[in-house]
Amino acid sequence: MSRPLVLLGLLAFTLLGLAPIALMALRVDAGDLHGMFSERSSELLWRTALLGVGAALTALLVGIPYGFLVSRTDVPAANVWRVAGVLPILLPPLVVAMSWAGMTDLRGGLATTLVLGLCTFPLVALYAARAFERIDGRQEEAALLVGGLRTALKAELPLVMPSALFAATFAFVLAINDFAVPDYVSSVGPKWSVYADEVFASWRSSKDTGAAVASALPLVLLTALALWPALELRRRSLMTSFSGDFRAPATLRLGVWRWPALIFVLAVLCASAFAPLGRLVWEAGGGPRGFSSSVLQASFERAIELGRANLASSLTFAVGAALIAVPIGLVLGHALERAGTLGRRLAPLVLVPLAVPAILFGIGGIALWNRPITGAIYDSGWMAVLLFAGRFLPFVVLAIAAATAMLDPRVEESARLAGAGPARRLARIVAPALSPAVIGSGLVVFVLSMRELDAAILVPAANSTVLFRLYNAVHFGRDGYVAALALLVVFFVIAPGLLWTLFCRRRLEVLP
Amino acid sequence: MNLPRLLPTLGLAFLTACSSEPDLVVYCSLDQEFSEELILRFARETGLEVRAEYDIEANKNVGLATRIREEAASRPRCDVFWSNENTQVVAMAGDGLLEPYDSPSARDIPAEFRDREHRWTGFAARARVFIVNTDLVDPAEIRSMWDLFDPRWKGQVAIARPLAGTTNGHMAALYDVLGEAEGRRYVETAARLARDGSLNVATGNAHVMRLVRDGQAAFGWTDTDDFNVARDAGFPVVAVYPDREGVGTVLIPNTICILKDAPRKDAARRFVDWVLRPEIEAELARSRAAQIPVRASVPRPEHVVGVEGFKAMQVDWLEVGRSIQQRTAEFQELFLK
């Protein structure tokens, strides 16, 4: 790999992903750290950690069997459920929480845990599915011969667990940084506060920003504590993959368990995606005042009329962020994997943009870009694009690194011997070979950018995004137009992945 | 992906995006639904290119105020801040972030809504009222702010968490009006009841309105604009202006101010003059927001109770604004447990 290219990539990553955080960190002095772990905040942090563990466990308990059933068994229409299983992670968790709060009386910590677990289970399901597919067919056949499916699963679970646990740590991180779901779900009954509330409140109550930044440090530490071992799990999950003469495992016949398995898959999908989406459709069509197709049509017409420009802005920003993040991620992800031990040591640095609360990243963005020399960028839509690219770059870097691990280095070596330079090898050999990961990780950035609000809200361009308009409208209640707009957002979020699945044969590699 | 071809395209798009420079930048935390049309009309009438940026409840009102402070330290770009409440603006005035401007349009606005040093002006207010579901409670039974803690209503009452928005200013104002000990007793009681579920704590005032509107709570604290949305939609709700015989009802005005380092001060003054006209107060009173004109002479629809129709709490907002961060820190200790 060309050193200047890697240095350029590092520079871009530092500027987009690390500099906003560094500027915030520089504001903290020793005095700000005083009382950071008071009895009250420690209690909040403990509760938040429990929420994270609960959500991660829920994601594991649902995600592993789901991933297994849709990737390896003859459950009816497994491929359809495999694709549909991604839906819950694309829906804003608050939308899911609002739907369930309207349909059930479940409230408080348990409800929060279940909602966040259901919203994040696709991460575990995706990783588990991939890991189950990487089990050697001969090894599985031997286990099946010895003791049937039970024995085979017993032997395979330890191989799948590193991947599933790695995904569960992301579920944990997403859960502990969420404040909207616990706040909403515990609106009736005993209030259930979490540490992310503390971070937001500190920006209003602190005299200086250093103290407000310091208030986020315990949450950052908790996130880092989860992500650090996750990298080791990721390395193990990559290593448990193919050997030289790998043989793909055969589809497992479930026999009489085929239909109960389908019921399980459908129940999970109903709870996590179809029910919230169905409720949105019901609300768009008139909701409690009576559903009708004419109301549904009118709601969509109004949503398109009012939200068209915002949808266009959001799509532009999300595509822009993906286009910027992918080339940087390609260079850095490839370099990270090929650098061996050094790459492993630097990997935790890649996760830093994800480890800090969104509000901190957003304010860091203001501090970095709102300067006379970069003022034009700050005032324009580019601010949103750069903010999204910086925040979500880690997903691209890690996905490319994971895909690079599967790419035989001898292919690049041959190209080098044939006289191809580093940039040419990257563009003509590596990028095409890794195209499922390149496009897949770009899609991840696109999706996350489309639904990002907490960091983006702090920069001028956020005003024109569709999520801004949606949450503005939600303020006064969820009428048909709001539900229709939410459905449009969901449609545009899933559209690129859906089109790819329908028209392209190659499966996308979206996993970091 | 062809990087050599892509980069110039991106660069061109960048230059295009950066070429537009507005004549005025307004940060507005009054809901976009109510303020956007007015700002657009100002732009049409004056021919100025106005860039308006809004706040939303979802980010706990951290957005615009935080951004103004951040930008002031590096590169000020906001000319006018139109806030939907007053404590943050008073705090900004105290921190030297605002430019004095005595708008001729504000001459007939009562003195209690204007800063003595002309750094901000209040207009179009909201009252802090109890929204009551008449299917569940006889409104005549609700008279005082303390009724929220009556054991009869255990589990049927609601409030927004007082860490942001008008609930934050409301609770802070109680310390000023009731005195330190009584103010603290009110907030501490609310926090204690919130922890055991006797008092429901919603995500915001609009959410309190929805809980009461839908019958999940019998009554709760909200703003008159949120109440009016439920009333307008035909739900069985009424607004109770509590403590008519006592300290009165908190009235929180919109506030408008010019930033000290505003890059476009002339346009900022034109906008402030335009917004503070009686016609705009009348329009905000007629809108779904049902804002209460602070000038008794401004016409308003029948359903909007005027300032003479209830007893307004006499609050020293300067003092409340000065202490708002300290109070918020106290509320944080009480409510985030």
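What counts and what doesn't
- Residues numbered from 1 in each chain as written.
- Chains lettered and ligands numbered in written order.
- Predicted model: local features only at pLDDT ≥ 70, side-chain atom pairs only at ≥ 80, totals over all residues.
- Helix = DSSP H or I, 4+ residues; strand = E, 2+ residues; numbered from the N terminus.
- Rg over C-alpha atoms; globule rule 2.2 N^0.38 Å.
- Buried ≥ 20, exposed ≤ 12 C-beta atoms within 10 Å, placed from the backbone.
- Contact = placed C-beta atoms within 7 Å.
- Core = buried A, V, L, I, M, F, W, Y, C linked by C-beta atoms within 7 Å.
- Domains from an automatic or database assignment.

(A) Local environment of the overall build of chain B. Of regular secondary structure, chain B possesses 11 helices and 10 strands. Relative to the compact-globule value of 20 Å for 337 residues, chain B shows a C-alpha radius of gyration of 21 Å, a close match. With respect to the three principal axes, the spread of C-alpha positions in chain B is 70 × 55 × 40 Å. Taking all 337 residues of chain B together, the buried fraction comes to 55%. The contacts of chain B with a sequence gap of at least 6 include a subset with a gap of at least 24, amounting to 74%.

(B) Local environment of the overall build of chain A. For chain A, the count of helices and strands is 22 helices and zero strands. Taken over C-alpha atoms, the radius of gyration comes to 23 Å for chain A, in line with the 24 Å a tight globule of 512 residues would show. Counting only C-alpha atoms, chain A reaches 60 × 60 × 50 Å along its principal axes. Here chain A holds 512 residues, and 55% of them are scored as buried. The contacts in chain A between residues at least 6 apart in sequence include a share of 85% that link residues at least 24 apart.

(C) Representation of the nonpolar core within the structure. Core analysis: the biggest nonpolar cluster contains 289 residues, and V124 and A171 of chain A together with I131 of chain B have the highest contact counts within it. If you tally residues by element for this core, the top one is helix α17 (residues 382–405) of chain A, at 19 residues. Both domain 1 (22–125 + 252–306) and domain 2 (126–250 + 327–335) of chain B contribute no fewer than three residues apiece to this core. Setting aside chain neighbours within four positions, we find A171 of chain A in contact with A55, A56, A59, T120, L123 and V124 of chain A.

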